[in-house]
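One-letter residues, chain by chain:
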Amino acid sequence: MIKWRSGVVSRLRREWDGAIEIDVTVDGVPVRALAYPRLTGRPQPGDRALLNTNALDLGLGTGGYALVVALPDRLPADPDGPGHLIKARYSPLQACVAGADEQGSPHHEALRDADDLDGIPVVVADLHSAVPAVLAGFHAERGQRRPPGAPPDRVAYVMLDGGALPAWFSRTIAALRAVDWMAGTVTIGQAFGGDLEAVTLHSGLLAARHVLGADLVVVAQGPGNLGTGTRWGFSGVAAGEAVNAVAVLGGRPVAALRISEADPRERHRGISHHSLTSYGRVALAPADVALPDLPGDFGAQVTAAAQQLATRHTLVRVSVAGLAEVLQACPVPLSTMGRGLDHDLAYFLAAGAAGRHAAALARRAVPAKEGEERAPRAV
C-alpha cells in the first residue's frame, strides 16, 4: 500500500505557499520530494525524513514526488488553532482543520442559514489545468465591461477532492493569488489547505459567496485527476454533480467543456467523454454549456458532438476571437497533460470561453467592505 523510504534532507529547492520542494538522499541517491510544513514542520538540510514514494515510483506526471510523511527527529509543535473537521479521516495522516461552516467558526452565523448563491455564475471544469484559462477569459472580458472606477470582481476557487487533497500542492493557486486573480480557495470534502475549509460542496459554494464575497466561483478538482479508461471510473464525474449543486443553490452553472485536438487518446479527442458523461448523464439540472466557436473541420466536429448535450442544457456559442492572445498573456503557465498552449490550443480556448461567457453573466451584488461577510439573501 505504501512504499516507505528513509533518507536525509540534502537541499531545499523552490518554495510556494504551503509547500517546499526538497532533495532527500536515499541510499546515496538524491530523490525529489515535497514537504507540507504545516503538516510536518519545516525541513532543514540534515533532517532525517520519512518518505512515501508511491507517486514517484509510478512515474505520475502531476504527482511525481516522494512525499515527506514526517521529520521524526524534529517533530513540530502541537497545533494550537481551533477546528474539529478531520480530513483524510481515519487514515494515519488525518489532519484537523477549522471549517468555515462549523460551530465556533467566525463565519458560522453567516453560513448557518445561507441557502442562496444570489444568481452568480459558477464555472465547472473537469481538470485543474482549466482554472487559469477560465480566469484569463473572465478577467479579460470583465475588464472591458467594468464601469470606470468600479472595484475588480472577486473570484473564488472551490477545490474538489478528486485530485490532490492538499491545496498547497498547486503552484497555480499560489500564482493566481499573487497576481490578485483569485480572492481565495475553499477546500471541500477530503481536500484541505484552502483559505477556507468546508464540509461539503454545497457549504463550500456558500462560503465562497458569503464569506469570500465571490462574484464568480470556479469549481474543479485539484491537480492529478484519476481515470481508468472506463465510462464511469474517472474523478471528473464530480463535475456533473457540481452542476446540480450550483443549481440547487440558485447559482448559474456554466459547464466548461474538455476539448482536445492533440490528445493521443481517442476518448479525449474532440469533446472528451468525461464532459459528455458528466454533463450528459450526471448533471440533472440545466447549465449553460460554453461551446467555443472553433474554426474548420475540428470546430464542426466539436459542434456536432455537443448536440447530444442540448436536450438538457443550453449550448452557448462563444466567440474565441482574441482569446488566444488573452491566454498567451496569462501570468500562470498553461499546461494540461504535459501539453502547453501551443500544443493543445483548443483545450485552453474551451476553458477560456467558459470564463468569457461567465463574465457576460456576472453582475455585482451590493458591495461589501473589505473583509466583511455578505449576509445571505432571504428566500
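In what follows, the accompanying structure is described. Because the structure is a prediction, the values reported are computed rather than measured. (Residues numbered from 1 in each chain as written. Predicted model: local features only at pLDDT ≥ 70, side-chain atom pairs only at ≥ 80, totals over all residues. Heavy atoms only, no water.)

## Details of the environment of Leu-93
Point 1. Relative to the helices and strands, Leu-93 resides in the loop between strand S6 (85–87) and strand S7 (95–97).
Point 2. With 54 residues separating them in the primary sequence, Leu-93 and Leu-39 have C-alpha atoms 8.9 Å apart.
Point 3. When neighbours within four sequence positions are excluded, Leu-93 is seen to be in contact with Val-69 and Ala-88. (Helix = DSSP H or I, 4+ residues; strand = E, 2+ residues; numbered from the N terminus. Contact = heavy atoms within 4.5 Å.)

## Some details on the environment of Arg-281
Point 1. Considering the arrangement of structural elements, one finds Arg-281 in helix H8 (residues 273–282).
Point 2. Each C-alpha atom of the pair Arg-281 and Arg-312 lies 9.7 Å from the other, and the pair is 31 residues apart in sequence.
Point 3. Excluding residues within four positions of it along the chain, Arg-281 makes contact with Arg-231, Trp-232, Leu-276 and Arg-312.

## What to know about the nonpolar core
Point 1. In this structure, Leu-205 and Val-219 are the most contacted members of the largest nonpolar core, which totals 91 residues.
Point 2. For this core, the element with the highest residue contribution is helix H11 (residues 345–361), accounting for 11 residues.
Point 3. If near-sequence neighbours (up to four positions away) are discounted, Val-219 is found in contact with Val-122, Val-123, Val-124, Ala-125, Val-158, Leu-160, Leu-201, Leu-205 and Ala-242.
Point 4. Ranked by size, the runner-up nonpolar core spans 13 residues in total, among them Val-9, Ala-33, Ala-35 and Leu-71. (Core = buried A, V, L, I, M, F, W, Y, C linked by side-chain atoms within 4.5 Å. Buried < 20%, exposed > 50% of the residue type's maximum accessible area, 1.4 Å probe, protein only.)

## Notes on the pairing of strand S3 (residues 29–35)
Point 1. Relative to S3, strand S2 (residues 19–26) runs antiparallel, the two sharing seven bridges. Looking across to S3, one finds that Ile-22 is bridged to Ala-33.
Point 2. In sequence, S2 turns back onto S3 through a hairpin of two residues, with Asp-27 there showing a positive phi of about 55°.
Point 3. Of the strand pairs in this sheet, S3 and strand S5 (residues 66–70) are connected by two bridges, and their pairing is parallel. When the bridges of S5 are listed, Ala-33 appears paired with Ala-66. (Pairing = 2+ DSSP bridges.)

## Remarks on the packing of helix H4 (residues 131–145) against H11
Point 1. The contact between H4 and H11 brings their axes to 6 Å, and the two run at 35°. Crossing of H4 against H11: the hand is right-handed. Note on element contacts: H11 touches H4 through Phe-348, Ala-351, Gly-352, Gly-355, Arg-356, Ala-358, Ala-359 and Ala-360, opposite Ala-133, Val-134, Gly-137, Phe-138, Glu-141, Arg-142 and Arg-145.
Point 2. In terms of residue class, the contact of H4 with H11 is made up of eight nonpolar, three polar and four charged. (Axes fitted to C-alpha atoms, helices over the stretch in contact; angles between N-to-C directions. Left-handed = near helix turned anticlockwise from the far one by under 90°. Nonpolar A, V, L, I, M, F, W, Y, C, P; charged D, E, K, R; others polar.)

## With respect to empty space enclosed by the protein
Point 1. Tallied over the entire structure, the rule returns two cavities of 30 Å³ or more.
Point 2. Forming the boundary of the largest cavity are Ala-125, Asp-126, Leu-127, Ala-130, Ala-256, Leu-257, Arg-258, Tyr-347 and Ala-351.
Point 3. Partitioning the lining of the largest cavity into residue classes produces seven nonpolar, no polar and two charged.
Point 4. Arg-258, Ser-260, Asp-263, His-268, Thr-336, Met-337, Arg-339, Asp-344 and Tyr-347 are the residues that line the second largest cavity.
Point 5. Of the residues contributing to the lining of the second largest cavity, the split by class is two nonpolar, three polar and four charged. (1 Å grid on protein atoms, 1.4 Å probe; cavity = no way out; pocket = protein on both sides within 12 Å on 5 of 7 lines; lining within 4 Å. Points joined across faces, edges and corners; volume = space filled by probe spheres on them.)

## Re the sheet that holds S5
Point 1. What the five strands build is a closed barrel, ordered S1-S2-S3-S5-S4; its pairing is mixed. In this sheet, neighbouring strand axes are inclined to one another by 55° on average, regardless of whether the strands run parallel or antiparallel.

## Quick notes on the pairing of strand S4 (residues 48–52)
Point 1. Sheet topology places strand S1 (residues 4–16) next to S4; five bridges connect them, and they run antiparallel. Residue pairing across strands places Val-8 opposite Arg-48, the latter belonging to S4.
Point 2. Here three bridges tie S4 to S5, and the two strands are oriented antiparallel to one another. Looking at the pairing, Asn-52 lines up with Leu-67 of S5.

## Looking at H4
Point 1. End to end, H4 covers 21 Å across 15 residues, agreeing with the expected 21 Å (1.5 Å per residue, within 8%).
Point 2. Among the 15 residues of H4, 11 are classified as buried, and the element is accordingly described as predominantly covered.
Point 3. Restricting attention to buried positions, one finds in H4 the residues Val-131, Pro-132, Ala-133, Val-134, Leu-135, Ala-136, Gly-137, Phe-138, His-139, Glu-141 and Arg-142. (Expected span 1.5 Å × (residues − 1).)

## Things to note about unusual backbone geometry
Most of the time, phi is negative for any residue but glycine, and the peptide bond is trans.
Point 1. Positive phi values are uncommon outside glycine, yet Ala-88 reaches one of about 55°.
Point 2. Tracing the backbone shows Ala-88 in the loop between S6 and S7.
Point 3. For Asp-180, which is not a glycine, the phi torsion comes out positive at approximately 60°.
Point 4. Among the secondary structure elements, Asp-180 is positioned in the loop between helix H5 (171–178) and strand S10 (184–188).

## So, a nonpolar patch on the surface
Point 1. Side chains of Met-1, Ile-2 and Trp-4 sit close together on the surface and give an oily, nonpolar patch of about 430 Å² of accessible area.
Point 2. Relative to the assigned elements, Ile-2 resides in the segment before S1.
Point 3. Owing to a relative accessible area of 40%, Ile-2 belongs among the partly exposed residues under this scheme. (Patch = residues over 30% accessible without salt bridge, like charges linked within 9 Å, V, L, I, M, F, W, Y side chains within 5 Å. Areas by Shrake-Rupley, 256 points an atom, 1.4 Å probe, with all protein chains shown as cover. Salt bridge = Lys/Arg side-chain N within 4 Å of Asp/Glu carboxyl O.)

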